[in-house]
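For reference, the chains in residue letters:
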Amino acid sequence: MSKKKLIDRIAERFDGNREVAQHALDAVVEGITKSLAAGEKVAVRGLGVFDRGSEGSKRRIVPTFAPTDELKDVVAGVRKVRSRVVQSLSMVPSQAASAAESASRVASSAARRAADTVRGERGDDGASTATPSADEKASGSTSSASAKKVAAKK
């Protein structure tokens, strides 16, 4: 089966949405690849274990796959495929909503902090009330508002 056909089969579970199916497949493949590259073993229940092994006398590291007994039985026709997809898909909308809400909260609090920072640097009259930075103190230069305040005090 080609990747395109596999995406079509996955898309059936996502109401025909090929884009979501492709994203899901790409995310799984990338996750497995990165984990193997980092030296981690990846075990997928009902499918098998992806690991690193050595090849021949060259001692070259190669990816290996050991299928589970369940997968072997399904391929041999001894057992039917268990459907885990229905259960996992029922969790997707709530998890997606939770992730979106969390991201929205983070963005809102970052925007509030930025606005507070900007407001804190300006007084009620709009003039800057910020103190000179260490570089400004060292060089002797100050902002025009600070220079006016010093002149007014004298």
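Up top you'll find the structure we're talking about.
Residues numbered from 1 in each chain as written. Predicted model: local features only at pLDDT ≥ 70, side-chain atom pairs only at ≥ 80, totals over all residues. Heavy atoms only, no water.

**Quick word on the packing of helix 1 (residues 3-11) against helix 2 (residues 18-37)**
Link 1 in the chain: Contact geometry of helix 1 with helix 2 gives a least axis separation of 8 Å together with a crossing angle of 115°. One way to sum up the angle between helix 1 and helix 2 is to call them roughly perpendicular. Note that helix 1 runs across helix 2; the crossing there is right-handed. Here K3, K4, L6, I7, D8, I10 and A11 of helix 1 lie close against helix 2, whose contacting residues are R18, A21, Q22, L25 and D26.
Link 2 in the chain: Its residues assigned to classes, the contact of helix 1 with helix 2 comprises 6 nonpolar, 1 polar and 5 charged. (Axes fitted to C-alpha atoms, helices over the stretch in contact; angles between N-to-C directions. Helix = DSSP H or I, 4+ residues; strand = E, 2+ residues; numbered from the N terminus. Parallel < 35°, antiparallel > 145°, perpendicular 65-115°, else oblique. Left-handed = near helix turned anticlockwise from the far one by under 90°. Contact = heavy atoms within 4.5 Å. Nonpolar A, V, L, I, M, F, W, Y, C, P; charged D, E, K, R; others polar.)

**Re the sheet that holds strand 2 (residues 48-55)**
What links the strands of a sheet is backbone hydrogen bonding, and the strands pair in either a parallel or an antiparallel sense.
Link 1 in the chain: Pairing within the open sheet is antiparallel, and its 3 strands lie in the order 1-2-3. Strand pairing shows two members of the sheet lacking a second neighbour, strand 1 (42-44) and strand 3 (60-67), which therefore form its edges. Averaged over all adjacent pairs, the angle separating strand axes in this sheet is 30°, with direction ignored.
Link 2 in the chain: Along the sheet face, helix 2 touches strand 1, strand 2 and strand 3 and points at about 40° away from the line of strand 2. (Pairing = 2+ DSSP bridges.)

Remember, this is a structural readout, not a statement about activity or role.
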